[in-house]
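Each chain, letter by letter, is given below.
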Amino acid sequence: MSAAPAASAAGSSGWSGVLHTRRGWLWGALLLLVAVLLGVLVFLAGEFEEARDQAALERDATSLVSDIRSELVRNVQTLQALHTVAPNPERWSETAVDLLIEHREIVRVEWRSNNYRLLAQRDTPYLASLIGQIQRDAFLPEVRQACDSAVRLSGPAFSASYFWPLSEGRGLELMEMCLPVVRAGLPDGFLVATYGLQGVLAELTNKDLVRGRGLSFNEADGTRLAVLSQPPESVRSLSAQALLDLPGHTLNLRLDAPLLPLGLFPNVLTAVVGVLSLALLVVVALLGRDMRLRQRAELEVAEALAFRKAMENSLVTGLRARDMEGRITYVNPAFCQMVGYSAEELLGAGLPAPWWPPERVDEYQHRRSLRLSGQNLPREGYESVFQRRDGTRFPVLIIEAPLIDAQGQQTGHMSAMLDITEQRRIEDLNRASQDRLQATARLTTVGEMASLLSHELNQPLAAIASYATGALNLLDADAERVARGDLRQAMQRIGEQADRAGRVIKSVADFVRRREQSREAVAPLDLVEAIAPLLSLQAKKQGIQLQIDFVPDLPSVWCDRTLIEQVLLNLARNGMQAMSEGQPPLVSGLRVLRLAATQPRLSAGRAGAAPAHKAWVEFSVTDHGEGLSEDVARQLFTPFFTTKAEGMGLGLSLCRTVVEQHGGALSFEPALPRGTVFRFTLPADAGPALR
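Residues numbered from 1 in each chain as written. Predicted model: local features only at pLDDT ≥ 70, side-chain atom pairs only at ≥ 80, totals over all residues. Heavy atoms only, no water.

> Would you mind going over the packing of helix α13 (residues 561-578) against helix α15 (residues 651-661) with me for this structure?
Geometrically, a packed helix pair is captured by the angle between its two axes and the distance between the axes. It is the contact of α13 with α15, at a shortest axis distance of 10 Å, that shows an interaxial angle of 145°. As α13 runs across α15, the sense of the crossing is left-handed. Contacts between α13 and α15 involve L563, I564, V567, N570, L571 and N574 from the former and G651, L652, C655, V658 and V659 from the latter. Looking at the contact of α13 with α15 residue by residue, the classes come out as eight nonpolar, three polar and no charged. (Axes fitted to C-alpha atoms, helices over the stretch in contact; angles between N-to-C directions. Helix = DSSP H or I, 4+ residues; strand = E, 2+ residues; numbered from the N terminus. Left-handed = near helix turned anticlockwise from the far one by under 90°. Contact = heavy atoms within 4.5 Å. Nonpolar A, V, L, I, M, F, W, Y, C, P; charged D, E, K, R; others polar.)

> Help me understand the nonpolar core, please; the structure alone is not making it clear to me.
In globular proteins that are soluble, nonpolar side chains generally tend to be buried together. In this structure, I68, W92, V109, Y195 and F217 are the most contacted members of the largest nonpolar core, which totals 46 residues. The greatest single-element share of this core, amounting to nine residues, is contributed by helix α1 (residues 3-85). Contacts of Y195, omitting those with residues within four sequence positions, involve L72, N75, E105, I106, F158, E173, L174, M175, M177 and V200. Counting 40 residues, the second largest nonpolar core, distinct from the first, contains I564, V617, F619 and L666. (Core = buried A, V, L, I, M, F, W, Y, C linked by side-chain atoms within 4.5 Å. Buried < 20%, exposed > 50% of the residue type's maximum accessible area, 1.4 Å probe, protein only.)

> Help me understand the pattern of salt bridges in this model?
Working definition: two side chains of opposite charge can pair if their charged atoms are close together. Inspection of every chain in the model, using the stated rule, returns 21 salt bridges. Salt-bridge contacts for D290 lead to R294; the nearest nitrogen and oxygen are separated by 3.6 Å. On the criterion of helical spacing, the pair formed by D290 and R294 is a turn pair, its members being four residues apart in helix α6 (residues 264-314). Residue classification places D290 among the partly exposed positions, given a relative accessible area of 36%. A salt bridge links R425 to E422; its shortest N-O distance comes to 2.3 Å. Here R425 pairs with E422, and both are found in helix α10 (residues 421-476), just three residues apart, close to one helical turn. Relative accessible area serves as the criterion here: at 43%, E422 is assigned to the partly exposed category. (Salt bridge = Lys/Arg side-chain N within 4 Å of Asp/Glu carboxyl O.)

> What exactly am I supposed to notice about the state of the cysteines here?
Note on terminology: disulfide describes a covalent bond linking the sulfur atoms of two cysteines. As enumerated under the stated definition, the model contains one disulfide in all. Two residues, C147 and C178, share a disulfide whose sulfurs are 2.1 Å apart. On the S-S bond that ties C147 to C178, the torsion sits near 100°, and the link is right-handed. Within this pair, whereas C147 is found in helix α3 (residues 140-153), its partner C178 is found in strand β5 (residues 171-183), the two being separated by 31 residues in sequence. Taking relative accessible area as the criterion, C178 reaches 0% and is therefore assigned buried. (Disulfide = S-S within 2.5 Å.)

The structure is reproduced here in structure tokens:
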């Protein structure tokens with residue numbers, strides 16, 4: 001081995017040893033840090049659990065005090081009832097026995113007069129030798145103290161506790177409760193109840209809260225007055241105190257509990273810290289894995305970009321992006337083909353755009369300034385006109401949206417363009433077809449009514465001829481015998497009948513005459529009155545009563561007056577034709593055609609209901625014919641379907657088309673007791689500001 005390689009190997013070995021030593025120190029420091037952190041967390045978890053247990057013990061002590069206070073209040077109510085049911089000492093003594101049996105915490109009850117003379121008394125049956133060691137009068141000062149406080153408070157009062165010795169060296173810590181007795185609004189002595197503090201702890205507390213714990217009444221210096229239970233032996237214990245504040249006296253309740261061992265919480269923290277320590281060792285492996293994932297993600301991003309590019313190039317919708325200054329930053333092949341320019345010619349081009357018609361440059365510049373000022377164009381798109389490179393014009397639908405970068409800042413606008421030349425051509429063809437169909441239906445309607453007009457016009461013409469003959473006869477008579485008044489009346493009647501014939505003919509002429517479709521605000525009643533002369537002719541001939549029932553104060557409707565009059569006329573004539581002669585009979589009273597209008601509250605779920613609109617007017621035409629069968633109802637609006645020998649089957653189809661073009665809906669349903677009712681809706685006039 002040469003010297004240089006040997007030196008190099010020695011240097012590499014030295015550096016390897018140094019790195020290994022440093023790595024060992026780093027691992028040792030890391031383990032020591034983990035151990036310290038784990039110890040701190042375990043200590044903090046233990047302190048947390050101890051504080052939690054102390055808070056729970058204090059809540060339980062407060063709950064025990066609340067229970068004792070509540071039970072003492074109930075006992076006061078029971079003692080008050082004792083005087084109600086037992087008005088004399090004899091009966092009082094008998095009833096007091098039952099009370100003492102039920103309430104073990106009370107060791108003695110007394111009924112004393114206003115000057116504290118004993119009237120009646122009973123001792124608890126559970127302590128046979130309560131009175132014996134010391135006479136009762138020895139503790140009369142405590143009774144007086146409690147009763148004086150009760151008079152002052154006008155309610156029950158308690159005395160300070162005292163020790164009452166029993167036989168065999170035992171004793172009880174007692175407390176007096178004095179309750180003033182009032183009969184007929186006058187003082188009637190005192191009711192004195194003697195409580196044993198140990199009995200209070202045993203009988204008036206929640207057993208579940210006391211189980212496994214120590215409970216006692218203590219003095220302020222820690223001296224125990226009464227003990228119910230002692231906590232189990234434990235190295236450490238917790239203690240909580242709560243004051244039992246009674247009228248005239250206050251007791252200190254103490255609750256002791258052993259300190260429980262550490263629970264699951266610190267162990268979980270230890271496990272978490274251990275897992276985090278091990279996670280440090282996995283970081284290096286994850287770094288390598290992350291590099292492999294990043295390379296794979298870059299490859300997927302490249303594939304996604306290639307797919308998006310292929311998809312954009314295959315679209316027939318033109319796409320164009322602009323920056324905030326209006327310069328083009330992106331176009332797809334469909335847009336280039338649409339305007340006749342290449343992508344190289346368009347990229348970087350500013351305003352005015354080369355596809356803008358010269359006469360519309362100012363309009364398009366104004367629209368762009370509105371967009372940049374924050375007044376964005378509608379997201380559903382707007383129509384415009386572009387000019388190809390060869391000068392031809394074509395309509396387009398433009399949908400624009402802001403371009404937002406990764407930082408949330410707008411960098412420009414993205415537009416999608418659709419060439420709607422073919423769509424406009426189809427719409428023009430459809431519009432022309434509908435116009436021809438409406439003209440055909442209008443002429444068919446007039447043809448069917450010609451026979452009725454010829455019959456009805458004979459009446460005014462015959463009257464004119466009759467009056468004219470009478471006038472001539474008057475003129476041929478002796479001039480001296482001619483009455484000028486009779487002649488004037490005959491000429492006036494001739495004028496009235498001629499005017500009547502003219503109105504009938506004018507109503508048909510106005511209806512048939514082709515006019516440009518224009519919408520206006522029309523009162524609903526005016527629509528019916530315009531066709532009333534035509535309806536009256538056919539109704540009179542068929543013996544049908546025409547009934548017009550419109551709700552007062554209906555708003556005007558926004559419609560093409562001539563088209564809507566045709567809809568009403570077609571529906572009314574169909575209704576009268578449905579009531580053939582004798583069906584229904586005249587005597588039934590159902591031979592009526594009813595035209596009505598109202599302003600409903602349409603529900604979104606009703607079949608055939610109009611779309612949501614803030615205000616609608618609903619028209620209805622009701623007949624009492626034989627009604628519609630299921631087969632007829634299913635094909636009723638089909639063009640060229642008809643049940644009449646002379647019909648074309650276009651009337652109802654055109655009616656529905658006209659109503660839907662106004663934004664409403666045409667529907668039908670059975671009428672009661674027979675017949676059919678057709679309903680259609682029209683938008684109410686919303687005023688110039690909302691049209």
